[in-house]
Amino acid sequence: MRLLWAVTRREFAAYFATPLAFVFLVIFLFAMGAFTFYVGNFYENGVADLTVFFGYHPWLYLFLVPALAMRLWSEERARGTMELLLTLPIPLWVTVLGKYLAAWAFAGLALALTFPIWLTVNYLGSPDNGVILAGYVGSFLMAGAYLSIGAAISATTDNQVIAFVVSVVACFLFTVSGAPLVLDAFRGWAPLPLVEAISSFSFLTHFAAIAGGVIDLRDLIFFFSLIALFLYANILVVDLRKDG
Amino acid sequence: MAPRRIRAWVCLMLAAILFVAVNIFSNAVFTTARLDLTQNGQFTLSGGTRAIIAKLPEPVTLKFFYARKTAAAYATTTSYAKRVRDLLGEYAALSTARSSSRISIRSPSHRRKTRPPRWD
């Protein structure tokens, strides 16, 4: 646990060693505000809740979170620091988990910095703060799921652009897996339970269920099992690369 | 392909199968484990509903019509159907102690036996 904390802390601090953290935070907050107030017509809706704000999260994460995840392993490989990292007396799973937790904490920090919108909506009316809290929990979990996918893909290549593009596509498929766009590819030949299972992997429906104010154990299991799956894939890929 | 690579692929496949299995299992089992954070408990059965269910004088059959095959392509509909089914399940679970209300789920393939009500 001490090692995990050390890796996580080191990785988290690394974000602030370069302008990356500030550029990401500014763009993230600007995009959140722009989509909520201008695209989502927050004021014109006349309702004191954050439905519009959370409604754009899956689509903004689709591009912003892979941008955060693409450097996790690709950068280490491109710079040649991967060998050094993997020869340190730290178990591989600690390194993978530490890097991931640091990125997730950073995404959480970015999300937490959107608190002025919560203050705004409380100033304007009397929103259901329980629903808003659930929305933040769901959004944080969804960011974690996107990050785990991005981290696993980042480990497969030393080119950050490739990591970003492939991550966006993979995340998009998970986001819309409940839509005919994806399901039509399976409906003709796959058995119904499999189609239903793929449909149930949609980030949109799980996030919408939590953002509605109910934290269902099934949604939590979905997000945590998905994160675990991709972190395991990440460990496997790094382990394979370690030996060439 | 090197044996290590094959082993990694097999492990990954097994992990993916485990992921699917865990989620299918949780969807079937944890139908009432949830934390309702809404101010008015919108997604929690009220005391009045519980009292009515507890005092049911005779068995009640609730029929849930759901075109599973058609709805499979629309996650929002599937998710909504899941919520309705969970709610009916909660009614049934509450009633088991004192009354004998029962839920029977019919799909349109059974329509020769049981037709959904007509809305005239």
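Higher on the page you've got the structure.
Quantities reported herein were computed from a predicted structural model and do not represent experimental measurements.

Cut-offs and rules
Residues numbered from 1 in each chain as written. Chains lettered and ligands numbered in written order. Predicted model: local features only at pLDDT ≥ 70, side-chain atom pairs only at ≥ 80, totals over all residues. Heavy atoms only, no water. Helix = DSSP H or I, 4+ residues; strand = E, 2+ residues; numbered from the N terminus. Buried < 20%, exposed > 50% of the residue type's maximum accessible area, 1.4 Å probe, protein only. Contact = heavy atoms within 4.5 Å. Areas by Shrake-Rupley, 256 points an atom, 1.4 Å probe, with all protein chains shown as cover. Phe/Tyr/Trp six-rings, centres within 6.5 Å; stacked < 30°, edge-to-face > 60°. Lys NZ or Arg CZ within 6 Å of the ring centre and 35° of its normal. Buried area = accessible area lost by both parts, 1.4 Å probe. Salt bridge = Lys/Arg side-chain N within 4 Å of Asp/Glu carboxyl O. Polar contact = N/O pair within 3.5 Å; in protein donor to acceptor, adjacent residues only side chain to side chain. Nonpolar A, V, L, I, M, F, W, Y, C, P; charged D, E, K, R; others polar. Pairing = 2+ DSSP bridges. Axes fitted to C-alpha atoms, helices over the stretch in contact; angles between N-to-C directions. Parallel < 35°, antiparallel > 145°, perpendicular 65-115°, else oblique. Expected span 1.5 Å × (residues − 1).

## Side note on the overall build of chain B
Argument step 1. The helix and strand inventory of chain B stands at four helices and three strands.
Argument step 2. Counting from the amino terminus, chain B carries its helices and strands in the arrangement α-β-α-β-α-α-β.
Argument step 3. Taken over 120 residues, chain B has a buried fraction of 22%.
Argument step 4. Partitioning the contacts of chain B with sequence separation of at least 6, the portion at a separation of at least 24 is 67%.
Argument step 5. Working note: accessible area of chain B is about 8,800 Å², and carbon and sulfur atoms make up 60% of it.

## A few points about the packing of aromatic side chains
Residues and elements named next belong to chain A.
Argument step 1. Counted by the stated rule, this structure contains 31 aromatic pairs over all chains.
Argument step 2. Centroid distance Y61 to Y146: 6.3 Å. Interplanar angle 75°. Geometry classified as edge-to-face. Pair noted here: Y61 is in helix α5 (residues 57–69) and Y146 is in helix α10 (residues 129–154), with a separation of 85 residues, a long-range link.
Argument step 3. Overall, Y61 belongs to the buried group, its relative accessible area being 2%.
Argument step 4. When the centroid spacing of 6.1 Å and the interplanar angle of 15° are considered together, the rings of F201 and F222 count as stacked. Here the residue F201 occupies a position in the loop between α13 (192–199) and α14 (203–211), and F222 occupies one in helix α15 (residues 217–242), the gap between them amounting to 21 residues. With respect to burial, F201 and F222 carry one shared label: buried.
Argument step 5. When the ring centre of Y15 is taken as reference, the NZ or CZ atom of R71 above it lies at 4.9 Å.
Argument step 6. The side chain of K99 reaches across the aromatic face of W73, ending 5.1 Å from its centre.

## Concerning the interface of chain B and chain A
Argument step 1. Across the boundary between the two partners, chain B contributes 36 residues, which contact 40 residues of chain A.
Argument step 2. Between chain B and chain A, roughly 3,200 Å² of surface is buried when both sides are summed, and carbon and sulfur atoms account for 64% of that area.
Argument step 3. For chain B, the biggest contributors to the area lost against chain A are R4, F19 and L37 of chain B; these three give 20% of the whole.
Argument step 4. We note a salt bridge from D239 of chain A to R4 of chain B, for which the minimum N-O separation is 3.6 Å.
Argument step 5. Summed over the shared surface of chain B and chain A, the result is eight residue pairs in polar contact (both at pLDDT 80 or more).
Argument step 6. At the level of elements, α1 (3–29), β1 (34–36), α3 (68–71) and α4 (75–95) of chain B are the ones that each hand at least two residues to the side of chain B that touches chain A.
Argument step 7. Across the side of chain B that touches chain A, the residue classes tally to 18 nonpolar, ten polar and eight charged.
Argument step 8. Bridge count for strand β1 (residues 214–216) of chain A against β1 of chain B is three bridges, and the pairing is antiparallel.

## Structural notes on unusual backbone geometry
Argument step 1. Residue N41 of chain A is not a glycine yet carries a positive backbone phi of 50°.
Argument step 2. Looking at where N41 of chain A falls in the secondary structure, it is placed in the loop between α2 (20–39) and α3 (42–45).

## Brief notes about the packing of α15 of chain A against α1 of chain B
Argument step 1. Where α15 of chain A contacts α1 of chain B, the two axes come as close as 10 Å, and the packing angle between them is 180°. Classed by the angle they form, the pair α15 of chain A and α1 of chain B counts as roughly antiparallel. On α1 of chain B, the residues touching R218, I221, F222, S225, L226, L229, Y232, A233, L236, D239 and L240 of chain A of α15 of chain A are R4, R5, A8, C11, L12, A15, A16, F19, V22, N23, S26 and N27 of chain B.
Argument step 2. Partitioned by chemical class, the residues of the contact of α15 of chain A with α1 of chain B number 15 nonpolar, four polar and four charged.

## Quick notes on helix α8 (residues 92–112) of chain A
Residues spaced three or four apart along an α-helix point in a common direction, a consequence of the helix completing one turn every 3.6 residues.
Argument step 1. Given a rise of 1.5 Å per residue, 21 residues ought to cover 30 Å, and the 30 Å separating the end C-alpha atoms of α8 of chain A matches this to within 8%.
Argument step 2. Counting buried residues in α8 of chain A gives 15 out of 21 residues, a clear majority hidden from the surface.

Scope: geometric values only; no functional claims are made or implied.
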